[in-house]
Amino acid sequence: MAQLVNNSNATPVKNIAILGPTGNIGIQILKSFLEHNASHSSSPFNIIALTRDSSLAGTKKQLEPYLNLPHHNIQVKSIDSYTNQSALSALLRETSTEVLISTIATLSTNDQTSIIDACVSSGTVKRFFPSEFGVDTSSRPIVEKNLPVALFKLEVIEYLKKVASDTRGGFTWSAIICGAFFDWGLKLPGLLTFNLASNEVAVIDGGDVKYEATNIATIGRAVVACLANPKTYEESAGQYVYINSFTVTQNQVISLIESYTNRTIKRHDVSSVARAEEARKIMEENGGLEFFRNYVPTAEVPYAPGSAESILPCIYGGEKSGGMNQYSMREPGLWNERLGLPKEDVEETVRGVLKELGLTKA
């Protein structure tokens, strides 16, 4: 495994809080910090796993394997609500938190701005990672046209820019853009068009459109790399940080799956334009953008109706969707090299997922 960039024994920040530490992204980020600590015992990060009071027992249970590790450097803390600004600010101050990483699933701009305000009022937080972790949402015209449910992400960045300016650089931000969650998405039937259990795939626009894909562990490593030494910490301040594991097409992935399983996948052709129109119709039927802004996720329905229909054209639609998931093909380009992220291979990843699921041919 390649070493993450760390040209100094001293990390510029030490105390890292993860909001939502047991979710799909949160747990991977936590693991990446532990991975760093294991190889940098002289300069470990201190990790604060931040959860809601109602989830405290479950969080401790899920994190138990990591809490039992020697020198894990993890504290588990809770508050009644992430948007209780005074309580969150006090907790961040109490734990001397310098970096807050938000991984919570929310479509609410207000939720994130409240958390940001708590960071600023704490007096200790220097860097904030918003709950971005997806396709490129940096262009308002493109987002408004192709993925309006993600406008809240852009609004959060706009608010972060204002706060950074008001604090004259005392408070900064970094946003990780990673495209499709590749290995994680392959394992979940139908989530990102592939259903390995039923041997089917929804092929968008013929399947030859290139898209950015990132293995989920790499997302966590990228976050750590932004904080691991003064150079990357400074360079990533106030920046969208673009990463991937590889640029690939659906047909390339289909070919690999068929080769390793000795099965022909049943293809269902889908138009990205038609799927986007379907998403717009669902949004309108459910009250438009304001419904999405005020939607409260539940365990049964974590995403508002129409969200999945909106995101798939943006992942696989290429220029038809404004190139939101083709950022490696234009400036400013990928951060992989400067972050010291390991080079990854799509064949190896696909083979590993299939082996894990018991689907490789004998």
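Computed from a predicted model, the values in this text were never measured in an experiment.

A. Structural context of the sheet that holds strand 13 (residues 266-270). Sheet architecture is open: 3 strands sit in the order 8-9-13, paired in mixed fashion. Only two strands of the sheet have a single neighbouring strand rather than two, namely strand 8 (194-195) and strand 13. One ladder, built from 5 bridges, connects strand 9 (residues 200-204) with strand 13; its direction is parallel. If you follow Ile204 over to strand 13, its bridge partner there is Val270. Each of strand 8, strand 9 and strand 13 touches helix 10 (residues 250-261); the most contacted strand, strand 9, lies at about 160° to it.

B. Inspection of the pairing of strand 4 (residues 99-102) at higher detail. Residues Val99 and Ile101 of strand 4 are buried on one face, and the alternating residues Leu100 and Ser102, pointing to the opposite face, are buried as well. The pairing of strand 4 with strand 5 (residues 127-129) spans 3 bridges and is classified as parallel. The residue bridging Ile101 from the neighbouring strand is Phe129, located in strand 5.

C. Molecular detail of unusual backbone geometry. Note that the residue after Glu331, namely Pro332, is joined by a cis bond; omega there is 10°. A positive phi angle is found at Asn73, which is not glycine, with a value near 60°. Owing to a relative accessible area of 25%, Asn73 belongs among the partly exposed residues under this scheme. The backbone of Phe133 shows a phi angle near 50°, a positive value even though the residue is not glycine. Within the secondary structure, Phe133 is located in the loop between strand 5 and helix 5 (140-146).

D. Molecular detail of the packing of helix 11 (residues 272-285) against helix 13 (residues 307-316). Between helix 11 and helix 13, the least distance of the axes is 8 Å, while the angle of their chain directions is 155°. Classified by the angle between their axes, helix 11 and helix 13 sit roughly antiparallel to one another. Taken as a pair, helix 11 and helix 13 cross one another with a handedness that is left-handed. Counted together, Ser272, Arg275, Ala276, Glu278, Ala279 and Ile282 of helix 11 and Glu309, Ser310, Leu312 and Pro313 of helix 13 form the full contact between these two elements. Looking at the contact of helix 11 with helix 13, its residues break down into 5 nonpolar, 2 polar and 3 charged.

Rules of the game
- Residues numbered from 1 in each chain as written.
- Predicted model: local features only at pLDDT ≥ 70, side-chain atom pairs only at ≥ 80, totals over all residues.
- Heavy atoms only, no water.
- Pairing = 2+ DSSP bridges.
- Helix = DSSP H or I, 4+ residues; strand = E, 2+ residues; numbered from the N terminus.
- Contact = heavy atoms within 4.5 Å.
- Axes fitted to C-alpha atoms, helices over the stretch in contact; angles between N-to-C directions.
- Buried < 20%, exposed > 50% of the residue type's maximum accessible area, 1.4 Å probe, protein only.
- Parallel < 35°, antiparallel > 145°, perpendicular 65-115°, else oblique.
- Left-handed = near helix turned anticlockwise from the far one by under 90°.
- Nonpolar A, V, L, I, M, F, W, Y, C, P; charged D, E, K, R; others polar.

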